[in-house]
Amino acid sequence: MAAMIEENGPSTHEQPEVSSLSLARQKLEGLLNKNMRIRMTDGRTLVGLFLCTDRDCNVILGSAQEFLKSTDTFSQGEPRVLGLAMIPGHHVVSIEVEAESLEDTQAFAANH
């Protein structure tokens, strides 16, 4: 009997171990299209939908609005509509995901 040789080499049907890198990637993918608030080094705050990031921690927000740092703690002022915005990673001070955005995802997952 002739031995069967596969075109792409021998087949391995073992399950690869789940690495911490893939878990981090899954967590990031779970945040896609969620509302985020990003505070920047110059005091501005951008709010928008998380669309993507890269290895340099640059962040792309969709439907972004910019809020300027206010000297008066009670007034935030009118937001400036930016649309699509790229925030360089070295300017990011903090990132917050809106709780409502996460709750909507959990409710959707529980119902489906």
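Residues numbered from 1 in each chain as written. Predicted model: local features only at pLDDT ≥ 70, side-chain atom pairs only at ≥ 80, totals over all residues. Heavy atoms only, no water.

Asker: For the overall build of the protein chain, give the residues involved together with the corresponding values.
Answerer: For the protein chain, the helix and strand inventory stands at two helices and five strands. Relative to its full complement of 112 residues, the protein chain shows a buried share of 19%. Residue pairs in contact within the protein chain that sit at least 24 positions apart in sequence constitute 42% of those at least 6 positions apart. As presented, the protein chain carries roughly 9100 Å² of accessible surface, and 55% of it is formed by carbon and sulfur atoms. (Helix = DSSP H or I, 4+ residues; strand = E, 2+ residues; numbered from the N terminus. Buried < 20%, exposed > 50% of the residue type's maximum accessible area, 1.4 Å probe, protein only. Contact = heavy atoms within 4.5 Å. Areas by Shrake-Rupley, 256 points an atom, 1.4 Å probe, with all protein chains shown as cover.)

Asker: Could you give an account of the sheet that holds strand 3 (residues 59-67), naming the residues involved and the relevant values?
Answerer: Taken in spatial order, the five strands line up as 4-3-2-1-5 in an open sheet, and their pairing is antiparallel. Bordering the open sheet on either side are strand 4 (80-87) and strand 5 (92-97), each of which pairs with just one other strand. If you compare each strand with its neighbour and ignore which way they point, the axes differ by 30° on average. (Pairing = 2+ DSSP bridges. Axes fitted to C-alpha atoms, helices over the stretch in contact; angles between N-to-C directions.)

Asker: Give me the nonpolar core: which residues, what numbers.
Answerer: Counting 11 residues, the largest nonpolar core consists of Leu31, Met36, Ile38, Met40, Leu46, Phe50, Val59, Leu61, Ala64, Ala85 and Ile87. For this core, the elements supplying multiple residues, two or more each, are strand 1 (35-40), strand 2 (45-53), strand 3 and strand 4. For Val59, the residues in contact, after removing those within four places along its chain, are Ile38, Phe50, Cys52, Thr53, Ala85, Met86, Ile87 and Ile95. (Core = buried A, V, L, I, M, F, W, Y, C linked by side-chain atoms within 4.5 Å.)

Asker: I'd love a proper account of the side chain of Thr45, names of residues and values included.
Answerer: Looking at where Thr45 falls in the secondary structure, it is placed in strand 2. With near-sequence residues (within four places) excluded, Thr45 lies in contact with Arg37, Ile38, Arg39, Gln65, Glu66 and Phe67.

Asker: Can you lay out the environment of Gly48 for me, pointing to particular residues and giving the numbers?
Answerer: Of note, Gly48 is situated in strand 2. With 16 residues separating them along the chain, Gly48 and Ala64 place their C-alpha atoms 4.1 Å apart. Setting aside residues up to four positions removed in sequence, Gly48 forms contacts with Lys34, Asn35, Met36, Leu61, Gly62, Ser63 and Ala64.

Asker: Which residues make up the pairing of strand 1, and what are the values?
Answerer: The alternating pattern of strand 1 places Met36, Ile38 and Met40 on a buried face and Asn35, Arg37 and Arg39 on a face that is not buried. As paired elements, strand 1 and strand 2 share five bridges and run antiparallel to each other. The partner of Arg37 across the bridge, within strand 2, is Val47. Hairpin remark: strand 1 followed by strand 2, antiparallel, with four residues in the connecting loop; positive phi at Gly43, about 95°. Note that strand 1 and strand 5 share five bridges and pair antiparallel.

Asker: Help me get a handle on the pairing of strand 3, residues and values and all.
Answerer: Bridge count between strand 2 and strand 3: seven bridges; the pairing is antiparallel. Of the residues in strand 3, the one forming a bridge with Thr45 is Phe67. With antiparallel pairing between neighbouring strands as the criterion, strand 2 and strand 3 make up a hairpin whose turn holds five residues, including Cys57 at a positive phi of roughly 65°. Of the pairings in the sheet, the one linking strand 3 to strand 4 comprises six bridges and is antiparallel in character. Pairing of Leu61 across the sheet is with Ala85, part of strand 4.

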